[in-house]
Amino acid sequence: MVRVGTLPMRLLALDYGADIVYTEELIDWKFLKTVRRENDVLGTIDFIDKTDGTVVFRTCPQEKDRVVVQLGTCDANRALKVAKLLEKDIAGIDINMGCPKEFSLKGGMGAALLVNPNKAKEILSTLVHNLKIPVTCKIRVFDSIEDTLQLVQQLVSTGIAAIAVHGRTKQERPQHANRNYIIKAIGQNTNIPVIANGGSKEIEQYSDIETFRKDCGVSSVMLARTAQANCSIFRPEGLKDLDDVIIDYLKYAVDYDNSPNNTKYCVQNMLKELQETPRGKKFLECQTLEQICEIWNLRQYCKEKHLEYNGKGIVSRRQVSPNMFCPASKKLKMENTVEMSYAFIRASYPTDPDLPKSKLISWCNKNKVEKPRYEIINEDKLFRAIVYLDGKKYSSTYWEKNKKFAEQGAALVCIWSLGLIDTQTLIDTGSTLK
């Protein structure tokens, strides 16, 4: 599940009754830019992009024996390098051979491997012969049962431990019927576990999972769309109320410092048409984890956790800086500059005149002061800004992923220094932690 299969959702699925959880498809070259770090504050293993501090993959002991990393790759050697990085932290590696998205197809990954069986076999064989953990793959079917069976036999010959089959072709989408009869034929002609996928339209409650499994005649069922809408589909006791599911999810998102953007995306997939309600529209305006949590009465829980983690020295998005993984690197010198740890959060400023830069311009016009000048500092994929005003310099300590936010952050420090915004407002909006 693209952008959904992150740690909070995986743990929630396990809590509700799933046996195995998969990550979203993660591309091999992204992993090759990461550094593995043991996060003592969260109790996690993090694979972090060295260029911008992004967490590419985060896992924890609770899922170690049950999490499978789904890898997007078109190169056997690259896939093996990644798998070796991950091997001791996960339960298995799955090669995605079913993604029909243009990005995957153009890169020779995903469903492109269905029509390049030699390449697919090379990747799987390389992994099977060099790893101590199970290797699996996920495919889509062809129009023809015979063609599908021929491909499956070639893939199974590499020694993979199981194969997941989505019962639609590369061209078909969720509105098309799942070809359960082809999955059944694969199960009848294959001597390894077959995992049926693509039945979300047929599954509305827990008992439907078993009905789908029997219809496909296989050992297991993989759920995606149904689970991302309400993860409690895995509960034998029945579905939980959606608000309760969201609260359970948000607690994991807070506990494991999940990114606000990813958290918001996952909740959007749960709310669906409820985003058009007054509460849903308020949710869509949220930009921070604390703001999201407030809607489900978890703001205090979120705030206390953030303060706890901050006190323990967590390296989160706010602490990201260039060369953070190279302690010997030269630190940026900001002499004679007013520096504050104030983050610019776009949702805190409903209209353009409310923005820090706009307020600063208004102050300059009112006080007949020369307009501010901004200097951008760019290292790797990160940006900081310095604003020069009336012979003084101001900057936020936070590194941003774009120039505009960096400039707004510097302006925020400046207008705070001028008394145009107070510290309590910055605390209330989540711009600073106190």
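Residues numbered from 1 in each chain as written. Predicted model: local features only at pLDDT ≥ 70, side-chain atom pairs only at ≥ 80, totals over all residues. Heavy atoms only, no water.

What follows concerns the sheet that holds strand E4 (residues 44-49). Taken in spatial order, the three strands line up as E3-E4-E5 in an open sheet, and their pairing is antiparallel. Of all the strands in the sheet, just strand E3 (34-39) and strand E5 (55-59) have a single pairing partner and so form its edges. When the angles between neighbouring strand axes are averaged without regard to direction, this sheet yields 20°. The sheet contact formed by E3 and E4 spans six bridges and is antiparallel. Paired with Val35 across the two strands is Ile48, which belongs to E4. (Pairing = 2+ DSSP bridges. Helix = DSSP H or I, 4+ residues; strand = E, 2+ residues; numbered from the N terminus. Axes fitted to C-alpha atoms, helices over the stretch in contact; angles between N-to-C directions.)

Residue position: Glu87 is located in the loop between helix H3 (76-86) and strand E7 (92-97). With a relative accessible area of 14%, Glu87 lands in the buried category. Through-space distance from the C-alpha of Glu87 to that of Thr44 is 15 Å; in sequence the pair is 43 residues apart. Residue contacts for Glu87: discarding those within four places in its chain leaves Leu131, Lys132 and Ile133. Of note is the side chain of Glu87, whose polar atom sits 3.4 Å from the side chain of Lys84. (Buried < 20%, exposed > 50% of the residue type's maximum accessible area, 1.4 Å probe, protein only. Contact = heavy atoms within 4.5 Å. Polar contact = N/O pair within 3.5 Å; in protein donor to acceptor, adjacent residues only side chain to side chain.)

Take the nonpolar core next. By size, the foremost hydrophobic cluster in this structure holds 88 residues, and its most contacted members are Phe31, Ile93, Ile95, Met97, Leu127, Leu155 and Ile163. The contacts of Ile163, once residues within four sequence positions are left out, are Cys137, Ile139, Val152, Leu155, Ile192, Pro193, Val194 and Ile195. Core analysis: the second largest hydrophobic core is formed by 21 residues, Leu360, Ala385, Tyr394 and Ala406 among them. (Core = buried A, V, L, I, M, F, W, Y, C linked by side-chain atoms within 4.5 Å.)

Orientation of helix H6 (residues 145-156) relative to helix H7 (residues 180-188), taken along the N-to-C sense of each, is 40°, at an axis distance of 10 Å. Between H6 and H7, the crossing angle belongs to the class labelled oblique. In the crossing of H6 with H7, the sense of the turn from one axis to the other is right-handed. In contact with Ile145, Thr148, Leu149 and Val152 of H6, H7 contributes Tyr181, Ile182, Ala185 and Ile186. (Parallel < 35°, antiparallel > 145°, perpendicular 65-115°, else oblique. Left-handed = near helix turned anticlockwise from the far one by under 90°.)

With 13 residues, helix H14 (residues 299-311) should reach 18 Å at 1.5 Å per residue; the first-to-last C-alpha distance of 18 Å fits that figure. For H14, every residue scored as buried is listed here: Cys302, Lys305, His306 and Tyr309. The arc that holds the buried residues of H14, viewed along the axis, is 100°, so those residues lie on one side. Here the buried face of H14 lies against helix H10 (242-255) and helix H13 (289-295). At the exit of H14 stands Gly313, carrying a positive phi of roughly 85°. (Expected span 1.5 Å × (residues − 1). Arc of directions from axis to C-beta.)

Relative to each other, helix H5 (residues 117-130) and H6 sit at 30°, their axes nearing to 9 Å. With respect to H6, the element H5 is oriented roughly parallel. Remark: the crossing between H5 and H6 carries right-handed chirality. Of the residues in H6, those touching H5 at Pro117, Ala120, Lys121 and Leu124 are Leu151, Gln154 and Leu155. Of the residues contributing to the contact of H5 with H6, the split by class is five nonpolar, one polar and one charged. (Nonpolar A, V, L, I, M, F, W, Y, C, P; charged D, E, K, R; others polar.)

Tracing the sequence through the fold places Val218 in the loop between helix H8 (206-216) and strand E11 (220-222). When the C-alpha positions of Val218 and Gln175 are compared, they lie 23 Å apart, and in sequence the two are 43 residues distant. Sequence-distant contacts of Val218, that is, excluding residues within four places in its chain, are made with Ile183, Gly187, Val194, Ala196 and Arg213.

This model, assessed by the stated rule, comprises eight aromatic pairs. For the pair Phe283 and Trp296, a centre-to-centre distance of 5.9 Å together with 75° between the ring planes defines the contact as edge-to-face. Of this pair, Phe283 sits in helix H12 (residues 278-284) while Trp296 is found in the loop between H13 and H14, placing the two residues 13 residues apart along the sequence. Like Phe283, the residue Trp296 is buried in the burial classification. Where Phe344 meets Phe405, the ring centres are 4.9 Å apart and the plane angle is 90°; that geometry is what we call edge-to-face. One end of the pair, Phe344, is in the loop between strand E12 (337-340) and helix H15 (356-367); the other, Phe405, is in helix H16 (residues 403-417), and 61 residues separate them in sequence. Taken together, the ring pairs connect Phe31, Phe47 and Phe57 into an aromatic cluster. Its guanidinium or amino end placed over the ring of Tyr374, Lys357 lies 4.7 Å from that ring's centre, counting from NZ or CZ. (Phe/Tyr/Trp six-rings, centres within 6.5 Å; stacked < 30°, edge-to-face > 60°. Lys NZ or Arg CZ within 6 Å of the ring centre and 35° of its normal.)

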